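# Structural characterization, general
As a plain string of letters, each chain reads:
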Amino acid sequence: MLPQDDQPQKARSAVLPPKLSALKARMLSTHLHNSDKRINFVAVCFLGVFAIMAGRLVQLGFKGGLPGGVKGAADQELSAARPDIVDRHGRLLATDVRTVSVFAEPGKIIDKNKVTDELTRILSLKHPEALRHRLGMRKGFVWVKRTITPRQREEIFQLGEPGIGFLPDLKRFYPNGPLAAHVLGFTNEDNRGIAGIEKYIDEQGLMSLHGAGFEVKHEDLKPVKLSIDLDVTQVLRDELEKGLVKFKAKSDAGAILDVRTGEVIALESLPDFDPNDPGKGVTAVNKNRMTAGVYEMGSTFKSISIAMALQDDKVKLGSRLDATHNLHYGRFTIHDYDATHRMLTVPEVFVHSSNIGTARMVLRVGVPGHKAFLRKMGMLTRMKTELPESAAPIIPHPWSTLNSITIAFGQGINVAPLQAMAAVAGLVNGGNLMVPTFLKRDQAQALKVSKNVVRPDVSEAIRYLMRINAEIGSAKKANIPGYFVGGKTGTADKIIHGRYANNKVFTTFMALVPANKPKYLFMVIMNEPQGLKSTFGFHTAAWNSGEITGKVITRAAPMLGLAPEDVLPKAPFPLLAAQGYTYVNQPNGGGMVD
Amino acid sequence: MISRAERSQLARWWWTVDQWQIGAFLVLMALGLILSMAGSPPVAERIGLPPFHFVHRQAMYLVPAIIIMLGVSTLDPRQVRRASLVTYAGAMLAILLALKFGHEIKGARRWIFGIQPSEFLKPAFVVLAAWAFSEGAKQKKMPGTTIAILLLPLTVIPLLLQPDFGQTMLISLVWAALFLVAGVHILWIVGIGGLGAIGVLLAYKLSPHVHQRIISFLDPQAAHLGTNAFQVETALDSFYSGGWLGRGPGGGVIKRILPDSHTDFIFAVTGEEFGILFCIALMALFAFVVLRGLRRASRDEDPFCRFAATGLLVQFGLQSCINMAVNLDLMPAKGMTLPFISYGGSSLMALALGAGFLIAVTRKRPRSEVLLETEVPAGLPA
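Residues numbered from 1 in each chain as written. Chains lettered and ligands numbered in written order. Predicted model: local features only at pLDDT ≥ 70, side-chain atom pairs only at ≥ 80, totals over all residues. Heavy atoms only, no water.

## Section: empty space enclosed by the protein
Residue and element names in this part refer to chain B. Scanning the model with the defined rule gives four cavities of 30 Å³ or more in all. Here the largest cavity defines a volume of roughly 100 Å³. Along the walls of the largest cavity sit F25, L312, Q315, F316, F340, A350, L351, G354, A355 and L358, which together make up its complete lining. Residue assignment for the lining of the largest cavity shows that the elements contributing at least two residues are α13 (303-327) and α14 (345-361). (1 Å grid on protein atoms, 1.4 Å probe; cavity = no way out; pocket = protein on both sides within 12 Å on 5 of 7 lines; lining within 4 Å. Points joined across faces, edges and corners; volume = space filled by probe spheres on them. Helix = DSSP H or I, 4+ residues; strand = E, 2+ residues; numbered from the N terminus.)

## A look at the environment of A:L230
Residues and elements named next belong to chain A. Following the sequence through the fold, L230 ends up in helix α10 (residues 230-246). L230 sits 140 residues away from G90 along the chain, and the two C-alpha atoms are 9.6 Å apart. In contact with L230, other than residues within four places in its own chain, are D87, R91, L93, N176 and L179. (Contact = heavy atoms within 4.5 Å.)

## Considerations on the pattern of salt bridges
All names here are of chain A. Inspection of the entire model under this criterion finds 32 salt bridges over all chains. In this structure, R172 and D96 form a salt bridge, with 3.0 Å as the shortest nitrogen-oxygen distance. With R172 in strand β4 (residues 164-173) and D96 in strand β2 (residues 92-104), this residue pair connects regions lying 76 residues apart in the sequence. On the basis of relative accessible area, R172 is assigned to the buried category, the value being 3%. Here K242 and E239 are joined by a salt bridge, their closest N and O atoms 3.8 Å apart. Separated by three residues within a single helix, K242 and E239 lie in helix α10, roughly one turn from each other. (Salt bridge = Lys/Arg side-chain N within 4 Å of Asp/Glu carboxyl O. Buried < 20%, exposed > 50% of the residue type's maximum accessible area, 1.4 Å probe, protein only.)

## Concerning the nonpolar core
With 110 residues, the main nonpolar core has A:F50, B:F25 and B:F267 as its most contacted residues. A total of 15 residues in this core trace back to one element, the largest contributor, which is α13(B). With residues up to four places along the chain from it excluded, the contact list for B:F267 reads A:L57, B:F239, B:C279, B:L282, B:M283, B:N323, B:M324, B:N327, B:L328 and B:L338. Residues A:Y295, A:M377, A:I462 and A:A515 belong to the second largest nonpolar core, which totals 102 residues. (Core = buried A, V, L, I, M, F, W, Y, C linked by side-chain atoms within 4.5 Å.)

## Overview of the confidence of the model for chain A
Residues with a pLDDT of 70 or more make up 89% of chain A, whose mean pLDDT is 85. In the model, residues 1-16 of chain A has pLDDT below 50 throughout and makes 18 contacts with residues more than four positions away in sequence or in other chains. (pLDDT = per-residue confidence, 0-100.)

## Things to note about the side chain of A:H352
Residue and element names in this part refer to chain A. Looking at the secondary structure, you find H352 in the loop between α12 (346-351) and α13 (355-365). We classify H352 as buried; its relative accessible area is 16%. In contact with H352, other than residues within four places in its own chain, are D338, T340, R342, L344 and D594.

## Quick notes on the pairing of strand β3 (residues 142-148) of chain A
Residue and element names in this part refer to chain A. Within β3, five of the seven residues are buried, which leaves it mostly tucked inside the rest of the structure. Pairing between β2 and β3: four bridges, direction antiparallel. Bridged to F103 within β3 is W143. (Pairing = 2+ DSSP bridges.)

## Examining unusual backbone geometry
Backbone torsion omega between A:L270 and A:P271 reads -5 degrees, so that peptide bond is classified as cis. Positionally, A:P271 belongs in the loop between β7 (263-270) and β8 (295-296). In the segment running from A:H397 into A:P398, the intervening peptide bond is cis, with an omega of -10 degrees. Inspection of the secondary structure assignment puts A:P398 in the loop between α14 (367-376) and α15 (401-408). Of note in the backbone geometry, A:S353 takes a positive phi value of approximately 50 degrees without being a glycine. Tracing the backbone through its elements, the reader meets A:S353 in the loop between α12 and α13. A:S353 sits in the buried class, given a relative accessible area of 15%. Residue B:D329 is not a glycine yet carries a positive backbone phi of 60 degrees. Positionally, B:D329 belongs in the loop between α13 and α14.

## As for the layout of surface pockets
There is about 1500 Å³ of room inside the largest pocket. Lining the largest pocket are 49 residues, with B:M169, B:S172, B:L173, B:G196 and B:V200 sitting closest to its centre. Mapped by element, the contributors of at least two residues to the lining of the largest pocket are α3 (35-63) of chain A together with α6 (144-161), α7 (165-181), α8 (186-206), α9 (208-218) and α13 of chain B. The biggest single contributor to the lining of the largest pocket is α8(B), with 14 residues.

Structure follows, in structure tokens:
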């Protein structure tokens, strides 16, 4: 600012104080001598703006590829090839079927309403407005409909619409419909597994192969062999379905486990779904109750409590436990459903399903020992199999003596039924606990991943208890002649609004075939079965779950290679006999169990 | 041929004008015609006209446009000022008439007698403002700067009433650039910047139209269904579709759904049919005109010519930059044409007028003539 500039302005601003008028003059004055610099500054600004825009154009150039993008987009969207899924005998459970899908390039469609109307007519679409919305999207590629018929393809072709095209596509097909649906799971429209083994397959890296751009052909993929037996699954589902109707239950489920390998031979949970058309998918109604639901197992849990007491040498098979009176603890009283009011041996506790007797055994072990044993048996943590659908057990916090007392007979702890099966399988198979698997494996592989939990003689004792219970106890319904079955019932009152409801029960039944050289463990659970005339109004496990299990054993055992035998095995429980309990090898316990 | 030896009127014109600049403008006009063949047929078809309706109209407008540009370029600075004054008065009258009697198109009263007078107002305003600033700088007795300051609201208020925020913003920015170049105190620039920010804020708060445009730019997802977001996304698709080399003339597909493909979004159509490299070249042509012009203006000794050339170039440059930036999704959508390329009679004539003024004020003149006009008072440095 040049001081000379002040001069001419002064005269006009006489009213202002000198300082302010000087400022005013300086503020209003303009200068020529630095305008060339300022023009250059403007030019530099423009240069910057032009450079930014040129950079943006280059960026758009490198990002581009919308027109060729149909192929790129289609590659992204196209169904990924999946391996076949077969059962343990190689029978097909799931495969890819080649189909044609119709897509649109919204940018190339001028009259979107007309095209929407035509396609709605040909494809009998239920929601034309959804298609209209897709056609209006700012995308180079949208699906119109996946998997269309050849006739529809021809009709759409005849429209001659340039923005509509066809692509070979794959659709997952399950030839057995809902059989083993909960094991298989299902895929979405893009052939990505979103439930069951299908999801497991994707998690094993199949999709990352696709993502990395590897062209994976269906033919090149090795079939995934499951441990499932299709025929046995059919039998299990059939009997569960009949049982569901007969006992007017809300739901039922069951599984068959090979106790030698931990393989799941069959698993069904009703209501289920057809994986070919899963609709809303898995909901609270049709979920897999064997792995994704947790329930109180009731008396079935007593096997675990007794095994623990035997393993810790707190009782022997012949030990007597006081069931003369109800067990009082604090303000709580433990009753027996089938009250005997006398001293009971361990087999009698099991056969009479004595809550008092079992509780006394657990009290001898104590809370820390009880918790440690349950942890060892995998009852306190979520069991993770190949199926992504799993639920964590519900365990009490804090865990008092009273909790241990009720958990002794299966109340106050909720576990997944398959988890309880795994525990019992581990007890009866010689003491090797193994996480169940849905993939085929042999005994050697299974033993490598198993964990020893009880001694062989304890294992034999549990098998004996289950056997005697099938002979003279609550599991008679499943005592199918010729198979030397062992079994245990469990009935838990359901908790409604925080209280045990007397009329609503959850029943469980486990059966071991054969009890001397165990091969298969059967389990059936029923949710709210009703008492019937034929069951004399009873709704306890023996009457419903037990009956279904018996029918499943009758039909499935021959398929599993078990031949019925006319004579009972001679010395089924040698270890117990060597300990001096010779009566165990006699029919009906030789009258020693009453 | 035009010889240097011959002192004819034509020869004198030819050897004093900036031939590169005239050449650049003519190339832009030719490109405008070619690109209108790409951008306008879909629009014509959409409103039921023959496909080449707009191409023919554009070609017809080119003849008077070139005549205006070359004719105006022969004026001397004094005549330029007079022409601007007349144009300004005429345009302002037309704007006021349009406000009173004009038809409302897309929510604004901008048109009367088939022309958009605000287009003609721009170059006239720039020349008048440059005149006022240069007088303020030269003769301290003349209240040039005050006039220049008052000129802005006088011009902008009728535009705001239309409403036409795009033109208002452009005119305000050009005026601010002139103010800056005129060498005002730095405090003014800070103050004006603040006022500008307040103005944008007020427009954002008070005008739902501006509000929606800014929102849709800042958050395209939220305003996904808005037409502006649709325009801009479609414009981007055009560039993607074209890639580096384009789909070839007539090969564009996105242009069929791109609104205003012959006016505001002609640059995107250019991208789709002629490619991104061509777009860069076209942008380089605009940059050439603006940067070369500014460099020459900074060396001009006549303050009026210097300011007028700067103002006209800033107007031209800003208008092209805003249009291209909107096409490239670097700015919220503005109703701004790409100079000489976009279709539009009024726009083309007004740009030709501005280009004519620019060529006229940047003509080489004898130094004595300049000094005579500048009239620096004795004792004060120029």
